[in-house]
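# Architecture and fold: a report
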Amino acid sequence: MTAGAPRAVTEAVTVLVPTFNEAGNVAELLRRLGAALPARLSSCEIVFVDDSTDDTAEAIREAARTCPYPVTVIRRREPVGGLGGAVVEGIRAAGTRKPGWIVVMDADLQHPPELVPDLVEAGLREGADLVVASRYRPGGSRAGLAGGRRVAVSRAATWLAKGAFPRLLRGISDPMSGFFAVRRETVATTEELRPLGYKILMELAVRCRPSSVTELPFAFQDRFSGESKSSAREGFRFLGHLTTLRTSAPWARMLVFGLIGLTGFLPNLLGLHLLTGAGLHYVPAEIAANQLGVLWNFLLIEVLLFRDRRRHRHWADRLSRFALLANADLLLRIPLIALFVGVLHLEVLHATAIALLTTFVLRFAATEALVYLPRKARKGPKSRERHRGEGTDGCH
């Protein structure tokens, strides 16, 4: 924060708030934002992106009547991507071509609204593209995290994220924070953002790669009303999202694909050993044993590698295509095994292992292109409704 009286911020600011059943919080949030923003921001708006199943949208419209700045509500018909997806929807609605800032915060008042102007001022002062409100900077606090379990989970998630991306998250002490300000031009290409669950900051920092980051400490507050949305399911979604981000580069996907393929040796070779031990010829034994490896690999690839692409095709379609490709490479692998066994006099198990390695790259390329290649999105009717509060055209 600057010393003395805070100066006015002349750049346009959009405060973006994703909501899910926050009807008890939004009136107080808008009241405190109204007290904090008008004196220090020359042009601002607030955008709610609502996935609620209660009357949150109506509560926002009622509270917006007394706000001194425009309030917009975007109702999503399908909560694709969870909270992170709501933030991306709000970024697109706010627009990224005009100069200014987008401030992302929660509606439950665990993020103090009074800090919004400070985030923008810090970005202007430091020449930063991203300003993170951090619980782990000196002067910050995570006191609002309810119970030791949530504290431990939060710290573990932070360590995992920073361990997975030590370079891209350098300078961000709290990549799990949901309270930050970002320059509009930094998130101009929202097509790159494919969030899953609550951790949109990590997604944004890894995919958009802001050139300069600064942080402000803040005290994480108690919820004003309602219950936390944190759950074990969100924890698993975070792990899946972290894996997806880490394997976004082709070389990383190929590496993980190869490691998964290596684990597939176990059910494949075990089945082959049992079938050939029972007297079955190695060719039909290989075909039968291959199905165990196919199923094993498919399950791991679904969970660890292409989790974010599963929605493009039905699971039965994906499995049938994957199995077809895995068995089609037998047309190449079986002659190779026969060559290794008949000509080079290798053991059947050794010949099978070498043949599996030989066809690895081809299988990876075909799997990515034919099983998990995203389909082109079809244009359909708009899935959002907007409501503008009865306020002035800007902040005063």
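An unreviewed UniProt entry lists the protein chain under the name Glycosyltransferase family 2 protein, with Streptomyces telluris given as the organism. Among the UniProt annotations of the protein chain, the heading Subcellular location (unreviewed entry) holds the following wording: "Membrane". The UniProt entry for the protein chain carries the following comment under Sequence similarities (unreviewed entry): "Belongs to the glycosyltransferase 2 family."

Moving on, we get to the overall build of the protein chain. Check the secondary structure of the protein chain and you find 13 helices and eight strands. Taking all 396 residues of the protein chain together, 51% fall into the buried category. Across the protein chain, contacts joining residues at least 24 apart in sequence account for 80% of those joining residues at least 6 apart. Carbon together with sulfur atoms contributes 60% to the accessible area of the protein chain, which is approximately 19000 Å² in total.

Next up on the list: helix H1 (residues 26–36). Taken across its eleven residues, H1 has eight buried, putting it largely inside the fold. Of all the positions in H1, only Val26, Glu28, Leu29, Leu30, Arg32, Leu33, Gly34 and Ala36 are classed as buried. Those residues of H1 hidden inside the fold are in contact with strand E1 (13–19), strand E2 (44–50), helix H2 (56–64), strand E3 (71–75) and helix H4 (116–126).

Turning next to the pattern of salt bridges. Under the criterion given, the structure shown has 15 salt bridges. Here glutamate 28 and arginine 31 are joined by a salt bridge, their closest N and O atoms 2.7 Å apart. With glutamate 28 and arginine 31 both in helix H1 and three residues apart, this pair spans about one turn of that helix. By relative accessible area, arginine 31 is classed as exposed at 51%. Here arginine 75 ties to aspartate 50 by a salt bridge, and the two come within 2.7 Å at their closest N and O atoms. Of this pair, arginine 75 sits in strand E3 while aspartate 50 sits in strand E2, placing them 25 residues apart in sequence. Accessibility expressed as a relative area gives 0% for aspartate 50, which makes it buried.

Glancing now at the environment of arginine 76. One can find arginine 76 in the loop between E3 and helix H3 (82–94). A relative accessible area of 12% means that arginine 76 is categorised as buried. C-alpha separation for the pair arginine 76 and valine 49, spaced 27 residues apart in sequence, amounts to 7.2 Å. One polar contact links the side chain of arginine 76 to the main-chain carbonyl oxygen of glycine 85, over a distance of 3.4 Å.

Next up on the list: the packing of helix H10 (residues 315–328) against helix H13 (residues 360–370). Between H10 and H13, the shortest axis-to-axis distance is 10 Å and the interhelical angle comes to 155°. When the axes of H10 and H13 are compared, the pair comes out roughly antiparallel. Regarding H10 and H13, the two cross each other, and that crossing is right-handed. Along its contact with H10, which presents Arg321, Phe322, Leu325 and Ala326, the element H13 presents Arg363, Ala366, Thr367 and Leu370.

This part is about the confidence of the model for the protein chain. Chain-level statistics for the protein chain give a pLDDT mean of 80 and a share of 82% at 70 or above. Considering each helix and strand of the protein chain separately, the mean pLDDT is smallest for strand E8 (residues 386–388), with a value of 43, and largest for strand E5 (residues 130–134), with 95. Per-residue pLDDT stays below 50 along residues 1–5; that stretch engages in six contacts with residues further than four places along the chain or on separate chains. Within the model, the stretch residues 379–396 combines pLDDT values under 50 with 48 contacts to residues more than four positions away or in other chains.

Moving on to the pairing of E3. With four of its five residues buried, E3 lies for the most part within the structure. Assessed by its sense of winding, the connection that carries the chain from E2 through H2 to E3 is right-handed.

We now examine the packing of H1 against H2. The contact between H1 and H2 brings their axes to 9 Å, and the two run at 35°. You can see that H1 and H2 cross each other, and the crossing is right-handed. Listed contacts from H2 to Val26, Ala27 and Leu30 of H1 are Thr56, Ala59, Ile60, Ala63 and Ala64. Looking at side-chain class alone, the contact of H1 with H2 contains seven nonpolar, one polar and no charged residues.

What follows concerns the side chain of threonine 367. Relative to the assigned elements, threonine 367 resides in helix H13. Classification of threonine 367 by relative accessible area gives buried; the value is 3%.

Attention now goes to the packing of aromatic side chains. Inspection of the entire model under this criterion finds five aromatic pairs. An angle of 80° between the planes, with centres 6.2 Å apart, marks the rings of phenylalanine 218 and phenylalanine 220 as edge-to-face. On the numbers, 5.6 Å between centres and 50° between planes, the contact of phenylalanine 298 with phenylalanine 322 is tilted. Note that phenylalanine 298 is positioned in helix H9 (residues 282–304) and phenylalanine 322 in helix H10, a separation of 24 residues in sequence.

On to the pairing of E5, then. The buried fraction of E5 is high, at five of five residues. The alternating pattern of E5 places Leu130, Val132 and Ser134 and Val131 and Ala133 on opposite faces, both of which are buried. Note that E5 and strand E7 (residues 213–217) share five bridges and pair parallel. Its bridge partner lying in E7, valine 131 is registered against threonine 214.

It is worth spelling out the UniProt feature "transmembrane region" (unreviewed entry) in the protein chain at this point. Sequence positions flagged by UniProt for "transmembrane region" (unreviewed entry) are, in local numbering, residues 254–275, 287–307, 319–342 and 348–373. For residues 254–275, the helix share is 100%, the strand share is 0%, and the end-to-end C-alpha distance is 31 Å. End-to-end, the C-alpha atoms of residues 348–373 are 35 Å apart, and along that stretch the chain is 85% helix and 0% strand.

The rules behind each value
- Residues numbered from 1 in each chain as written.
- Predicted model: local features only at pLDDT ≥ 70, side-chain atom pairs only at ≥ 80, totals over all residues.
- Heavy atoms only, no water.
- UniProt positions renumbered as here; feature names shortened; annotations may be inferred.
- Helix = DSSP H or I, 4+ residues; strand = E, 2+ residues; numbered from the N terminus.
- Buried < 20%, exposed > 50% of the residue type's maximum accessible area, 1.4 Å probe, protein only.
- Contact = heavy atoms within 4.5 Å.
- Areas by Shrake-Rupley, 256 points an atom, 1.4 Å probe, with all protein chains shown as cover.
- Salt bridge = Lys/Arg side-chain N within 4 Å of Asp/Glu carboxyl O.
- Polar contact = N/O pair within 3.5 Å; in protein donor to acceptor, adjacent residues only side chain to side chain.
- Axes fitted to C-alpha atoms, helices over the stretch in contact; angles between N-to-C directions.
- Parallel < 35°, antiparallel > 145°, perpendicular 65-115°, else oblique.
- Left-handed = near helix turned anticlockwise from the far one by under 90°.
- pLDDT = per-residue confidence, 0-100.
- Right-handed = clockwise from strand over helix to strand, strands pointing away.
- Nonpolar A, V, L, I, M, F, W, Y, C, P; charged D, E, K, R; others polar.
- Phe/Tyr/Trp six-rings, centres within 6.5 Å; stacked < 30°, edge-to-face > 60°.
- Pairing = 2+ DSSP bridges.

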